[in-house]
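# A look at the structure
Read off the chains here:
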Amino acid sequence: MNFDDRLAMTDAVPAVFRQVPMPASAGPKDDEPGKGDTDTGTITKTRPKTKRPSLYRVLLLNDDYTPMEFVILVLQDVFNKSREDAMQIMLHVHQKGVGECGVYPYEVAETKVTRVMDTARKNQHPLQCVMEKQ
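Heads up: these notes are all about the structure in this document.

Cut-offs used in this document
Here the residue numbers are simple positions, counted from 1 along each chain's written sequence. Reporting of local features is limited, given that this is a predicted model, to residues whose pLDDT is at least 70; pairs of side-chain atoms are given and counted only at 80 or more, and all residues count toward the totals for whole chains, interfaces and linings. The side-chain quantities take in all heavy atoms of the structure and omit both hydrogens and water. Note on patches: the residues involved have over 30% relative accessible area and no salt bridge, like charges join within 9 Å, and the nonpolar side chains Val, Leu, Ile, Met, Phe, Trp and Tyr join within 5 Å. Areas reported as accessible are Shrake-Rupley estimates using a 1.4 Å probe. Residue values count occlusion only from the protein chains shown. Think of a salt bridge as a Lys or Arg side-chain nitrogen and an Asp or Glu carboxyl oxygen that are within 4 Å of each other. Only DSSP runs of H or I with at least four residues qualify as helices, and only runs of E with at least two residues qualify as strands; both kinds are numbered from the N terminus onward. When accessible area is computed with a 1.4 Å probe and restricted to protein chains, residues below 20% of their type maximum are described as buried, those above 50% as exposed, and intermediate ones as partly exposed. The term nonpolar core refers to a set of buried residues drawn from Ala, Val, Leu, Ile, Met, Phe, Trp, Tyr and Cys, joined through side-chain atoms within 4.5 Å. We call two residues contacting when some pair of their heavy atoms lies within 4.5 Å.

A few words on a nonpolar patch on the surface. Taken together, Met68, Met87 and Leu91 make up a surface patch of nonpolar side chains, about 230 Å² in accessible area. One can find Leu91 in helix α3 (residues 83-96). A residue is classified by how much of its surface remains accessible, and Leu91, at 34% relative accessible area, is partly exposed.

Shown next, in the form of C-alpha coordinates:
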(Lines give C-alpha, C1' and ligand atoms only; values in the text may rest on other atoms or scores of the structure.)
Protein backbone atom coordinates (compact mmCIF):
# COMPACT_ATOMS: atom_id res chain seq x y z
CA MET A 1 0.00 0.00 0.00
CA ASN A 2 1.53 3.31 -1.03
CA PHE A 3 1.25 6.72 0.65
CA ASP A 4 -1.70 7.94 -1.49
CA ASP A 5 -3.70 4.77 -0.70
CA ARG A 6 -3.17 5.36 3.01
CA LEU A 7 -4.34 8.98 2.67
CA ALA A 8 -7.52 7.75 1.02
CA MET A 9 -8.43 5.91 4.21
CA THR A 10 -9.37 9.04 6.15
CA ASP A 11 -10.40 7.13 9.26
CA ALA A 12 -6.84 5.88 9.74
CA VAL A 13 -5.22 9.30 9.25
CA PRO A 14 -5.47 12.03 11.91
CA ALA A 15 -7.34 15.13 10.77
CA VAL A 16 -4.21 17.28 10.82
CA PHE A 17 -2.62 15.13 8.09
CA ARG A 18 -5.57 14.91 5.72
CA GLN A 19 -5.20 16.65 2.40
CA VAL A 20 -7.75 19.31 1.63
CA PRO A 21 -8.62 20.17 -2.00
CA MET A 22 -7.96 23.79 -2.90
CA PRO A 23 -10.22 25.83 -5.16
CA ALA A 24 -8.82 26.38 -8.64
CA SER A 25 -8.57 30.13 -8.08
CA ALA A 26 -6.43 29.65 -4.96
CA GLY A 27 -3.72 27.54 -6.55
CA PRO A 28 -0.85 28.45 -8.83
CA LYS A 29 -1.50 29.43 -12.43
CA ASP A 30 -1.43 26.65 -15.02
CA ASP A 31 0.88 28.68 -17.22
CA GLU A 32 3.66 28.61 -14.62
CA PRO A 33 6.03 25.73 -15.41
CA GLY A 34 5.97 22.94 -12.82
CA LYS A 35 3.57 24.83 -10.58
CA GLY A 36 0.16 23.62 -11.71
CA ASP A 37 0.41 19.95 -10.81
CA THR A 38 -0.78 20.15 -7.19
CA ASP A 39 -4.38 20.35 -6.07
CA THR A 40 -3.96 20.13 -2.30
CA GLY A 41 -2.83 22.63 0.30
CA THR A 42 -2.90 23.59 3.94
CA ILE A 43 -5.72 25.58 5.49
CA THR A 44 -4.62 27.98 8.19
CA LYS A 45 -6.82 29.80 10.67
CA THR A 46 -6.07 33.41 11.41
CA ARG A 47 -6.49 34.45 15.01
CA PRO A 48 -7.72 37.95 15.73
CA LYS A 49 -5.33 40.11 17.71
CA THR A 50 -6.55 40.50 21.27
CA LYS A 51 -6.30 43.94 22.79
CA ARG A 52 -5.00 44.39 26.31
CA PRO A 53 -7.67 45.68 28.70
CA SER A 54 -7.51 49.28 29.89
CA LEU A 55 -6.04 49.63 33.36
CA TYR A 56 -7.47 51.69 36.19
CA ARG A 57 -5.80 53.16 39.26
CA VAL A 58 -7.60 52.57 42.56
CA LEU A 59 -7.15 55.58 44.84
CA LEU A 60 -7.92 56.17 48.51
CA LEU A 61 -8.93 59.69 49.54
CA ASN A 62 -7.99 61.22 52.86
CA ASP A 63 -10.54 62.31 55.44
CA ASP A 64 -10.21 63.57 59.01
CA TYR A 65 -12.39 60.90 60.62
CA THR A 66 -11.35 57.41 59.46
CA PRO A 67 -8.79 55.91 61.88
CA MET A 68 -5.38 55.14 60.40
CA GLU A 69 -5.54 51.59 61.73
CA PHE A 70 -8.79 50.97 59.85
CA VAL A 71 -7.20 52.18 56.58
CA ILE A 72 -4.28 49.79 57.16
CA LEU A 73 -6.66 46.88 57.74
CA VAL A 74 -8.61 47.70 54.56
CA LEU A 75 -5.41 47.86 52.51
CA GLN A 76 -4.33 44.48 53.89
CA ASP A 77 -7.73 42.84 53.40
CA VAL A 78 -8.89 44.25 50.05
CA PHE A 79 -5.55 44.87 48.30
CA ASN A 80 -3.50 42.06 49.91
CA LYS A 81 -0.81 44.51 51.03
CA SER A 82 1.74 43.64 53.68
CA ARG A 83 1.52 45.60 56.93
CA GLU A 84 4.56 47.68 55.92
CA ASP A 85 3.18 48.51 52.45
CA ALA A 86 -0.23 49.32 53.92
CA MET A 87 1.43 51.64 56.46
CA GLN A 88 3.32 53.48 53.68
CA ILE A 89 0.20 53.91 51.55
CA MET A 90 -1.84 55.06 54.56
CA LEU A 91 0.80 57.67 55.49
CA HIS A 92 0.95 58.86 51.87
CA VAL A 93 -2.84 59.26 51.83
CA HIS A 94 -2.73 61.07 55.17
CA GLN A 95 0.02 63.49 54.08
CA LYS A 96 -0.83 64.06 50.40
CA GLY A 97 -4.61 63.63 50.48
CA VAL A 98 -4.71 60.75 48.00
CA GLY A 99 -2.82 57.51 47.50
CA GLU A 100 -2.71 54.73 44.91
CA CYS A 101 -3.62 51.27 46.17
CA GLY A 102 -3.03 49.43 42.89
CA VAL A 103 -3.62 49.29 39.13
CA TYR A 104 -6.15 46.77 37.78
CA PRO A 105 -8.40 45.97 34.82
CA TYR A 106 -11.80 47.68 35.00
CA GLU A 107 -13.82 44.86 36.61
CA VAL A 108 -11.18 44.14 39.26
CA ALA A 109 -10.77 47.84 40.09
CA GLU A 110 -14.53 48.29 40.33
CA THR A 111 -14.81 45.31 42.70
CA LYS A 112 -12.04 46.62 44.94
CA VAL A 113 -13.59 50.10 45.13
CA THR A 114 -16.94 48.55 46.04
CA ARG A 115 -15.37 46.36 48.73
CA VAL A 116 -13.59 49.35 50.30
CA MET A 117 -16.73 51.49 50.28
CA ASP A 118 -18.92 48.70 51.71
CA THR A 119 -16.41 47.93 54.48
CA ALA A 120 -16.15 51.61 55.38
CA ARG A 121 -19.95 52.03 55.49
CA LYS A 122 -20.43 48.90 57.62
CA ASN A 123 -17.91 50.29 60.11
CA GLN A 124 -19.43 53.79 59.95
CA HIS A 125 -16.35 55.47 58.45
CA PRO A 126 -16.45 58.10 55.70
CA LEU A 127 -13.46 56.60 53.82
CA GLN A 128 -13.69 57.23 50.08
CA CYS A 129 -12.17 55.12 47.33
CA VAL A 130 -12.28 55.94 43.61
CA MET A 131 -10.84 54.62 40.37
CA GLU A 132 -9.46 56.49 37.39
CA LYS A 133 -8.26 55.37 33.99
CA GLN A 134 -4.49 55.16 33.79
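Moving on, we get to the nonpolar core. If you look at the biggest cluster of nonpolar residues, it comprises 23 residues, and the most contacted ones within it are Val58, Leu60, Leu75, Phe79, Val116, Leu127 and Cys129. Counting only elements with at least two residues in this core, the list comes to β3 (55-61), α2 (68-79), α3, β4 (98-105) and α4 (106-122). When residues of this core are assigned to their parent elements, the largest contribution, 7 residues, is made by α2.

The subject of this paragraph is the environment of Lys133. On the secondary structure map, Lys133 appears in strand β5 (residues 128-133). As for Lys133 and Val58, which are separated by 75 residues in sequence, their C-alpha atoms are 9.0 Å apart. In contact with Lys133, other than residues within four places in its own chain, are Ser54, Leu55 and Tyr56.

Moving on, we get to the environment of Ala109. By secondary structure assignment, the location of Ala109 is in helix α4. Each C-alpha atom, one on Ala109 and one on Met131, is 6.8 Å from the other, the two residues being 22 residues apart in sequence. Discounting residues that sit within four places of it in the chain, Ala109 has contacts with Tyr56, Val58, Tyr104 and Met131.

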